[in-house]
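In case you want the letters, here they are:
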Amino acid sequence: MESKDLLKLNIQTALKKLGIDLDVSAISVDDSKNPEHGDFASNIALKLARNAGKTPLDFAKELNEALDKSEIERVEIAGPGFINFFMKKDSLTSVVGKIIDEKDNYGRGEKKNLKVNVEFVSANPTGDLHVGHARGAAIGDSISRIMEFDGYDVTREYYINDAGNQIDHLGESIRERIKEALGLPFALPDDGYHGVDVINIANQIKDELGDKLPAFLDDPDSFEFFKTRGMELELEKIRKDLKEYRITFDIYSSERKIRSGNAVEKEIDYLSKYIYKDEGALVLKTTEFLDDKDRVIVKSNGEYTYFMPDIVYHVNKLSRGYDKLIDVLGADHHGYINRMKSALMMHGYSSDVLDIELIQMVRMMKDGAEFKLSKRTGNGYTLRELCEDVGVDAARYFFVMRAATGHLDFDLDLAVKQSSDNPVYYAQYAHARLCSILNSASDIKVDKACSHAGEASEFALIKELAKFPDVIKVASKERAPYKITNYIHDVAEKVHGFYTECRVIDRDNKEVTASRLAICLASKIVLKNALSLLGVSAPEHM
RNA sequence: GCGCUUGUAGCUCAGCUGGACAGAGCAUCUCCCUCCUAAGGAGAGGGUCGGACGUUCGAAUCGUCUCAAGCGCGCCA
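Model, not experiment: these values are computed from the prediction.

This next bit is on the sheet that holds strand S12 (residues 354-359). One open sheet accounts for five strands, arranged S7-S6-S5-S11-S12; its pairing is parallel. What marks the edges here is a single partner per strand, and that holds for strand S7 (251-254) and S12. The average angle at which neighbouring strand axes cross in this sheet is 25°, direction not considered. As defined by bridge partners, strand S5 (residues 115-119) adjoins strand S11 (residues 324-330) across four bridges and the pair is classed as parallel. Paired with Glu-119 across the two strands is Asp-327, which belongs to S11. Together, S5, strand S6 (153-160), S11 and S12 form the strand contacts of helix H5 (residues 131-149), whose direction differs from that of S6 by roughly 155°.

Encoded structure:
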């Protein structure tokens with residue numbers, strides 16, 4: 001157990017001696033920001049003094065006397081009643097050996113036996129993924145990785161809206177492009193897809209059909225074929241782009257399949273007591289739960305609104321046994337949250353069975369101005385181009401670097417810079433430096449007890465490493481990958497400070513060398529673990 | 001009009017289940033490589049935490065009001 005947690009238990013026991021029973025979770029112990037305030041600080045006396053009928057200072061003094069001092073060097077009571085703890089060195093350095101022993105598993109949360117489904121990207125297979133998808137993709141995948149590491153059983157799912165009329169437009173566009181290629185008269189639909197990628201796909205399908213053309217165009221099944229084949233090819237491209245981006249999905253769900261077998265009708269039946277008719281349309285009484293307005297589910301012309309099959313889809317996901325659904329959506333969907341939650345509540349689920357993570361817009365910035373367009377196609381800047389331009393590491397790191405709820409300016413110039421200005425390089429460089437030291441001293445056995453730590457920069461780094469498990473818990477709970485990038489920065493900063501202050505390899509002083517090598521190894525492990533949660537590589541050389 | 005999100009240093013953002021002088025990066029200025037990667041480090045300047053009032057021993061953090069920006073409020077998806 002980490003020294004901070006031990007300290008909490010220590011305080012808990014001391015409080016008991018004073019006749020106060022408190023859960024450990026109610027005892028706050030913080031890492032001191034200022035070294036003068038010791039290693040850890042607690043405001044517990046300020047919180048409890050009033051109820052105990054004492055002044056915070058007196059309360060702190062009494063508490064201090066009840067503490068077990070075996071791990072504590074000394075205690076200072078400061079300010080209005082803060083208790084500052086100066087820990088014994090061994091108590092702080094023990095985490096180094098722990099990290100080295102646990103390696104890739106350092107920071108991993110306990111197995112929770114909870115199944116979580118994270119749905120993200122879910123772009124219609126009608127064209128290339130563009131940068132608008134890229135942030136949601138990076139955040140969705142990082143949330144998945146973080147929660148997996150925290151001990152959840154995570155499924156990554158992609159929902160294909162293949163039943164709507166966008167797919168019809170795709171089919172039409174392909175058919176007309178094939179006609180064009182065959183020299184026949186053609187007419188692109190106004191709401192069709194006009195990009196070069198559709199032309200490429202049309203050409204590919206044309207080649208596949210070969211001699212069957214142009215006769216096949218008159219076949220009544222041809223349109224259905226263009227639709228499904230076009231979609232398959234689009235999806236193939238998307239999968240490939242995502243794989244390059246280090247994202248793979250466990251499940252691709254098709255709207256058509258979800259809808260099959262009267263699933264929608266059955267759902268309407270199930271919800272019947274919350275449904276009423278209004279001017280020929282069926283309306284769901286979502287206001288009975290969280291919504292501020294009832295929602296149409298079947299239009300007066302008999303068609304479903306988008307919402308209806310989506311309810312079926314979410315119910316379907318839950319029927320597969322997930323304890324929690326997470327949807328990663330664009331921020332413009334915020335009106336959708338309470339409506340979907342309400343529908344699920346009609347099924348008896350709690351409102352928090354579904355979490356919707358809203359992702360704010362990204363502005364790509366280049367030379368101080370917004371950069372929107374692909375240089376190749378004249379359409380939107382694609383994910384593939386972005387990866388080619390700045391690399392997957394920088395792309396993924398930048399996209400998760402800020403809280404999802406806030407707008408993000410993606411500085412393309414900074415992302416390609418090979419210098420410390422670039423936060424990705426700053427972190428990766430720290431890792432590479434550590435590897436370089438470890439390689440140069442591979443013949444020296446590391447001292448896992450880290451028994452010769454003495455410099456301030458060594459302790460600053462060790463304390464930072466000890467925070468990792470807590471950072472994971474918070475990032476997982478808040479679904480906040482940016483907490484990991486912040487942490488990575490802090491670790492990298494301390495690594496660089498340590499590197500500068502402490503010469504590691506000293507052939508004349510094997511003890512100190514072995515102790516410092518342990519710090520290097522532990523730091524390397526933590527950096528690598530943290531980077532991997534974001535899908536960012538930890539290079540050995542740069 | 002209603003709802004959601006945002007407003008913190010010149011710029012981009014942390015900090016927000018209330019706590020000790022408000023932090024980081026970039027940009028600006030000073031220093032530091034005979035030595036494991038200077039893709040680094042040390043230091044300086046720079047802030048009425050949008051505004052007002054309230055709760056509290058204590059508010060960037062909580063509450064109310066207000067100003068500003070973005071986005072939603074379809075029988076669109």
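Packing of helix H4 (residues 89-102) against helix H17 (residues 456-466) leaves a shortest axis separation of 9 Å and a crossing angle of 60°. Relative to H17, H4 is oriented oblique. Relative to H17, the crossing made by H4 is left-handed. From H4, Lys-89, Leu-92, Thr-93, Val-95, Val-96 and Ile-99 reach across to H17, where they touch Phe-459, Ile-462, Lys-463, Leu-465 and Ala-466. By residue class, the composition of the contact of H4 with H17 is eight nonpolar, one polar and two charged.

With mixed pairing, the three strands of this open sheet are ordered in space as S14-S13-S15. Only two strands of the sheet have a single partner each, and these edge strands are strand S14 (369-370) and strand S15 (408-411). Bridge count between strand S13 (residues 362-366) and S15: four bridges; the pairing is parallel. Each bridged residue has a counterpart across the sheet, and for Met-365 the counterpart in S15 is Asp-411.

Next up on the list: the packing of H4 against helix H20 (residues 510-532). Where H4 contacts H20, the two axes come as close as 9 Å, and the packing angle between them is 55°. What the angle tells us is that H4 and H20 run oblique. Remark: the crossing between H4 and H20 carries left-handed chirality. On H20, the residues that touch Val-96, Ile-99 and Ile-100 of H4 are Ala-518, Ile-519, Leu-521, Ala-522, Ile-525 and Val-526. Among the residues forming the contact of H4 with H20, the class breakdown is nine nonpolar, no polar and no charged.

Attention now moves to the domain arrangement of chain A. Under the domain assignment, chain A is made up of domain 1 (3-87), domain 2 (93-111 + 419-532), domain 3 (115-160 + 246-359) and domain 4 (165-244). Taking only C-alpha atoms, the centre of domain 2 and the centre of domain 4 are 53 Å apart.

A few words now on helix H6 (residues 165-181). An α-helical turn contains 3.6 residues, so a residue and the one three or four places further along point in the same direction. The first and last C-alpha atoms of H6 sit 24 Å apart over 17 residues, in line with the 24 Å expected at 1.5 Å per residue. Along H6, the residues classified as buried are Gln-166, Ile-167, His-169, Leu-170, Gly-171, Ser-173, Ile-174, Glu-176, Arg-177 and Ile-178. Considering only its buried residues, H6 is in contact with helix H7 (196-209), helix H8 (222-244) and helix H9 (255-259). Count one or two residues on from H6 and you reach Gly-183, which has phi positive near 80°.

Parameters at a glance
- Residues numbered from 1 in each chain as written.
- Chains lettered and ligands numbered in written order.
- Predicted model: local features only at pLDDT ≥ 70, side-chain atom pairs only at ≥ 80, totals over all residues.
- Heavy atoms only, no water.
- Pairing = 2+ DSSP bridges.
- Helix = DSSP H or I, 4+ residues; strand = E, 2+ residues; numbered from the N terminus.
- Axes fitted to C-alpha atoms, helices over the stretch in contact; angles between N-to-C directions.
- Contact = heavy atoms within 4.5 Å.
- Parallel < 35°, antiparallel > 145°, perpendicular 65-115°, else oblique.
- Left-handed = near helix turned anticlockwise from the far one by under 90°.
- Nonpolar A, V, L, I, M, F, W, Y, C, P; charged D, E, K, R; others polar.
- Domains from an automatic or database assignment.
- Expected span 1.5 Å × (residues − 1).
- Buried < 20%, exposed > 50% of the residue type's maximum accessible area, 1.4 Å probe, protein only.

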